[in-house]
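Descriptive structure summary
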Amino acid sequence: MSYDAYSFVLDFAFMSLLLIVAQFMRTKIKFFQKFYIPASVLAGFMGLLLGPQVLNVIPWSEKTGSYSYLLICIVFAGLYLGKKEKLDVKHIFRSVGDTFCINMATEFICFGSALLIGGGILAILFPTVFREFSLLLPAGYCGGHGYASTIGTALNNLLGRDDCVQIGQTFATLGLLTGLFGGIACINWAARHGATRYITKADALPEECRTGIVPEDNQKSMGKETINPMSMDPLAWHMALILLATLIGYKFYYWYKEYLPDIELPIMCLTMLAGVLIQSVLNYTPFRESVDKHTVDRIGSMMTDYLVGFGIASISITVVKTFLTPIAVLCILGTIWPLIMVFFVGRKLFRNHWFERSIFIFGWCTGVVAIGITLLRICDPEMKSKTLDDYGTAYTLISIVEVFIVALTPQLAVSLGCGIVGVVEMLIGIMLIFTCARIYGVKKNGGFKTSKMK
């Protein structure tokens with residue numbers, strides 16, 4: 001059947017139905033509430049089960065697998081829209097240097113260890129599997145379904161393959177589940193051993209966090225009306241800016257490809273840069289105060305729900321069966337470093353609230369930032385540790401570094417080899433850890449029984 005605009009609308013309509021059903025399931029089923037399973041994950045698994053690969057109830061179009069990449073490009077297009085403050089590297093290091101160093105070290109070592117150690121494991125145990133396969137582990141674990149689509153698409157283009165996105169989406173889904181189940185297990189263990197500051201068990205969140213239904217008294221505004229609706233709907237204004245950045249990124253990609261066909265720059269990175277350009281221009285116009293960051297973030301969060309849903313629903317069962325054993329082996333590797341991060345590196349290097357800050361990192365480097373926030377809210381319901389505030393400040397610089405990681409790692413891994421790139425990225429991560437230790441010191445105490453410590 002040919003693909004047209006009607007097919008596009010039907011795909012999103014069916015996914016919307018699944019998201020609604022998933023939200024009702026989250027509201028009623030205790031197991032999903034206990035482990036804070038996002039509605040988007042439930043919708044994705046239902047989409048996979050009801051799709052053509054299994055029950056063939058929902059007639060997904062043949063383009064469904066491309067939606068995750070499209071949506072992550074839109075999400076990144078809005079990443080810097082609404083940010084009016086200038087990048088101040090000195091302020092970041094002075095105020096949240098340990099957060100920047102440890103978060104960045106975690107990501108570099110996740111990528112580096114996957115390429116170096118994971119690539120070595122593949123060479124020994126699975127010699128017929130292509131070496132760049134190991135890069136899809138951190139793509140899914142550290143970046144979620146969006147990065148999995150981005151790096152998977154880059155590898156497909158560089159290697160002439162067509163299965164890298166599906167493999168990356170599989171890693172992203174398994175990583176997300178690892179982040180939830182493993183993170184809650186870590187919180188329960190830490191609470192019993194006195195490492196948590198604000199809770200004694202992992203089910204202390206209010207009812208609205210478990211069911212997803214916010215009582216009327218606690219409901220908050222989603223954003224500001226920065227444009228008068230008589231002129232243009234405010235939501236349409238913000239959506240138009242995001243899609244304009246997406247358009248610029250896409251057009252630039254196809255323009256430079258005519259001259260540099262062997263260079264693969266992820267479109268998501270280009271759309272983000274386009275967003276930076278648009279905001280920079282707006283800052284010198286009367287529209288400087290007309291972009292509400294909270295509204296932009298809500299649009300991006302909405303896109304992420306659909307991104308995860310489509311990412312899981314489009315996983316190829318045939319591809320998973322083909323690579324099931326190497327996927328399982330690499331997932332073990334992908335879980336080891338985040339655990340080391342929580343109970344060794346973070347415990348020794350974070351200046352305060354080491355567990356709360358470390359479990360947040362565990363969440364995002366096995367799933368996505370939303371999983372990190374979920375785990376953080378479980379052990380720090382009132383956000384007293386300021387973990388998210390510090391990460392938000394540090395992310396201004398982290399996001400720039402991440403662009404280079406996502407853009408360059410696939411290209412370099414294919415051209416130079418996974419081992420070389422893995423060594424370089426691991427060394428960068430180790431250097432950041434030593435830098436943090438040198439500047440902020442190493443704690444001598446074990447980090448437990450700290451409920452009365454500041």
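Let us look at the structure shown here. (Residues numbered from 1 in each chain as written. Predicted model: local features only at pLDDT ≥ 70, side-chain atom pairs only at ≥ 80, totals over all residues. Heavy atoms only, no water.)

**Some points on the overall build of the protein**
Broken down by element type, the protein carries 17 helices and zero strands. A compact globule built from 454 residues should have a C-alpha radius of gyration of about 22 Å, and the protein, at 22 Å, falls within 12% of that. By its C-alpha atoms, the protein is 65 × 60 × 50 Å across when sized along the principal axes. By residue count, 54% of the 454 residues in the protein fall in the buried class. Taking contacts inside the protein between residues at least 6 apart in sequence as the whole, the part at least 24 apart equals 78%. For the protein, the accessible area works out to roughly 20700 Å², and carbon and sulfur atoms hold 66% of it. Charged side chains of the protein number 37 positive and 31 negative; the gap between the two group centres comes to 12 Å. (Helix = DSSP H or I, 4+ residues; strand = E, 2+ residues; numbered from the N terminus. Rg over C-alpha atoms; globule rule 2.2 N^0.38 Å. Buried < 20%, exposed > 50% of the residue type's maximum accessible area, 1.4 Å probe, protein only. Contact = heavy atoms within 4.5 Å. Areas by Shrake-Rupley, 256 points an atom, 1.4 Å probe, with all protein chains shown as cover. Lys, Arg positive; Asp, Glu negative; His and termini not counted. Charge placed at Lys NZ, Arg CZ, Asp CG, Glu CD.)

**As for unusual backbone geometry**
With a phi angle near 55 degrees, Tyr36 is a residue other than glycine that sits in the positive phi range. Within the fold, Tyr36 resides in the loop between helix 2 (30-34) and helix 3 (39-50). One non-glycine residue with positive phi stands out, namely Met383, at about 55 degrees. Relative to the helices and strands, Met383 is located in the loop between helix 15 (369-379) and helix 16 (387-416). Among the residues examined, Met383 registers a relative accessible area of 23% and is labelled partly exposed.

**Side note on the pattern of salt bridges**
Here the structure, examined in full by the defined rule, presents eight salt bridges. A salt bridge links Glu207 to Arg210, with the nearest nitrogen and oxygen atoms 2.9 Å apart. Here Arg210 and Glu207 lie together in helix 8 (residues 207-211), a separation of three residues that amounts to about one turn. Residue classification places Glu207 among the partly exposed residues on the basis of a relative accessible area of 42%. Across the pair Asp390 and Arg357 runs a salt bridge whose closest N-O atoms are separated by 3.0 Å. Residue Asp390 is found in helix 16, and its partner Arg357 is found in helix 14 (residues 354-366); the two are separated by 33 residues along the sequence. Considered together, Asp390 and Arg357 belong to a single accessibility category, that of buried residues. (Salt bridge = Lys/Arg side-chain N within 4 Å of Asp/Glu carboxyl O.)

**Let's talk about the packing of aromatic side chains**
A complete count under the given rule lists 28 aromatic pairs for this structure. Consider the rings of Phe133 and Phe171, whose centres lie 5.9 Å apart with planes at 70 degrees: the pair is edge-to-face. Residue Phe133 is located in the loop between helix 5 (89-125) and helix 6 (136-159), and its partner Phe171 is located in helix 7 (residues 164-192); the two are separated by 38 residues in the primary sequence. Of the two residues examined, Phe133 and Phe171, each falls in the buried class. A ring pair is formed by Tyr253 and Tyr256, whose centres lie 5.6 Å apart and whose planes are at 90 degrees; its orientation type is edge-to-face. Highlighted residues: Tyr253 and Tyr256, both in helix 9 (residues 234-257), separated by three residues, approximately one helical turn. Across the pair, exposure class does not vary: Tyr253 and Tyr256 are buried alike. (Phe/Tyr/Trp six-rings, centres within 6.5 Å; stacked < 30°, edge-to-face > 60°.)

**What to know about the packing of helix 3 against helix 11 (residues 293-313)**
Interhelical geometry of helix 3 versus helix 11 gives an angle of 30 degrees and a closest axis separation of 7 Å. Taken as axis vectors, helix 3 and helix 11 run roughly parallel relative to one another. In the packing of helix 3 onto helix 11, the handedness of the crossing is right-handed. Touching Ser40, Val41, Gly44, Phe45, Gly47 and Leu48 of helix 3 are Asp305, Val308, Gly309, Ile312 and Ala313, all from helix 11. Classifying every residue of the contact of helix 3 with helix 11 gives six nonpolar, four polar and one charged. (Axes fitted to C-alpha atoms, helices over the stretch in contact; angles between N-to-C directions. Parallel < 35°, antiparallel > 145°, perpendicular 65-115°, else oblique. Left-handed = near helix turned anticlockwise from the far one by under 90°. Nonpolar A, V, L, I, M, F, W, Y, C, P; charged D, E, K, R; others polar.)

**Overview of a nonpolar patch on the surface**
Where nonpolar side chains cluster on the molecular surface, the patch consists of Leu87, Val89, Ile400, Phe404, Leu408, Leu412, Leu416, Ile420 and Val424 and spans about 740 Å² of accessible area. The leading source of residues in the nonpolar patch is helix 16, at five residues. Inspection of the secondary structure puts Phe404 in helix 16. Residue Phe404 is classed as exposed on the basis of its relative accessible area of 52%. (Patch = residues over 30% accessible without salt bridge, like charges linked within 9 Å, V, L, I, M, F, W, Y side chains within 5 Å.)

**Some details on helix 15**
Listing the buried residues of helix 15 in full gives Ile371, Gly372, Leu375, Leu376, Ile378 and Cys379. The buried residues of helix 15 occupy an angular sector of 155 degrees when the element is viewed end-on, so they sit on one face. Packed against the buried residues of helix 15 are helix 7, helix 14 and helix 16. (Arc of directions from axis to C-beta.)

**Some words on the environment of Lys83**
Inspection of the secondary structure assignment puts Lys83 in the loop between helix 4 (67-77) and helix 5. Judged by its relative accessible area of 16%, Lys83 falls in the buried class. The spacing of Lys83 and Lys293 is 210 residues in sequence and 6.7 Å in space, taken between C-alpha atoms. In contact with Lys83, not counting residues within four places along its chain, are Gln279, Asn283, Lys293 and Thr396.

**Overview of helix 10 (residues 267-282)**
Since the α-helix packs 3.6 residues into each turn, any two residues three or four apart lie on the same face. Spanning 16 residues, helix 10 covers 22 Å between terminal C-alpha atoms, matching the ideal 22 Å at 1.5 Å per step. Within the span of helix 10, buried status applies to Ile267, Met268, Cys269, Leu270, Thr271, Met272, Ala274, Gly275, Ile278, Gln279 and Leu282. Close packing links the buried residues of helix 10 with helix 4, helix 6, helix 9 and helix 16. (Expected span 1.5 Å × (residues − 1).)

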